[in-house]
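In case you want the letters, here they are:
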Amino acid sequence: FVLLAPGFDSSKPWYNSLFEWFRTDIVTLSPSHHAKVLFSSPVRSGKLRMSIFSAGNVDFYPHLVEFTEICERKFGLETEIPHVLDGQPKKMTCSDPPIVANESSYDTTNAVSQWESQN
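Residue numbers here run from 1 along each chain, matching the order of that chain's written sequence. Given that this is a predicted model, residues contribute local features only at a pLDDT of at least 70 and side-chain atom pairs are listed and counted only at 80 or more, while totals for whole chains, interfaces and linings are drawn from all residues. As a convention, hydrogens and water are excluded, and side-chain values are obtained from all of the structure's heavy atoms.

Undergrad: Would you mind showing me how to read helix α1 (residues 15-26) here?
TA: Think of an α-helix as 3.6 residues a turn; residues three or four steps apart then line up on the same face. Accessible area is worked out with a 1.4 Å probe on protein chains only. A residue is then buried under 20% of its type maximum, exposed over 50%, and partly exposed in between. For the purposes of this entry, the term helix denotes a DSSP run of H or I that reaches at least four residues, the term strand denotes a run of E that reaches at least two, and both are numbered from the N terminus. Taken together, the buried positions of α1 are occupied by Tyr 15, Phe 19, Phe 22 and Arg 23. The arc enclosing the buried residues of α1, seen along the axis, measures out at 90°, which places them on a common side. Of the surrounding secondary structure, the elements contacted by the buried residues of α1 are β1 (2-8), β2 (32-40), β3 (47-55) and β4 (78-86). Throughout, the arc means that of the directions going from the helix axis to the C-beta atoms. Only heavy atoms enter the contact rule, under which two residues are in contact if any of them lie within 4.5 Å.

Below you can see the structure in the form of structure tokens.
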């Protein structure tokens, strides 16, 4: 599913917290993304913002790029994507790791000595 929230980019919107809550706590689907897209026009001042929350779309990034390219080509808008936040990572099950590292697993000599030994 997708949540869309347009607005002006002049202040922090109320729905930003809602989108973050969905991204981090509510939606258990993976992948999930929260993107902020800014639009500006060469004939008007200021920027418009579109916040997008998407869950379960494995093609989110290609669709986002296609969306911005269409807005630029068809409507003459300049687009900027300041950030895209990913949702909860998939949990990895690793009940029996093949290697258990401890302090003796690492070279503790100083970095210069390690570097010189490689030359």
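That was the structure; now back to the text.
Undergrad: Where do I start with the sheet that holds β2 in this structure?
TA: Note: strands within a sheet are paired through backbone hydrogen bonds, in either parallel or antiparallel orientation. Strands are treated as partners if at least two bridges between them are detected by DSSP. Taken together, four strands build an open sheet; the order of strands is β1-β3-β2-β4 and the sheet is antiparallel. Two strands in the sheet have a free side with no partner beyond their single neighbour: β1 and β4. Across the sheet, the mean angle from the axis of one strand to that of its neighbour is 15°, orientation sign disregarded. Direction of pairing for β2 relative to β3: antiparallel, over a ladder of nine bridges. When the sheet's bridge partners are listed, Ser 40 is paired in β3 with Lys 47. Fitting a line to C-alpha atoms yields each axis, with helices limited to the stretch in contact; the angle taken between N-to-C directions then spans 0 to 180 degrees. Its contacts with the sheet place helix α2 (residues 60-75) against β2, β3 and β4, and it is angled at close to 165° to β4.

Undergrad: Sorry, what's going on with the nonpolar core here?
TA: For soluble globular proteins, nonpolar side chains are generally found buried alongside one another. Counting eight residues, the largest nonpolar core consists of Ala 35, Val 37, Phe 39, Met 50, Ile 52, Phe 60, Leu 64 and Cys 71. Breaking this core down by element, the ones donating at least two residues are β2, β3 and α2. Excluding its chain neighbours within four sequence positions, the residues that come into contact with Cys 71 are Phe 39, Gly 76, Leu 77 and Thr 79. Residues enter a nonpolar core if they are buried and are Ala, Val, Leu, Ile, Met, Phe, Trp, Tyr or Cys, with the set joined through side-chain atoms within 4.5 Å.

Purely spatial values, then, with no claim about function.
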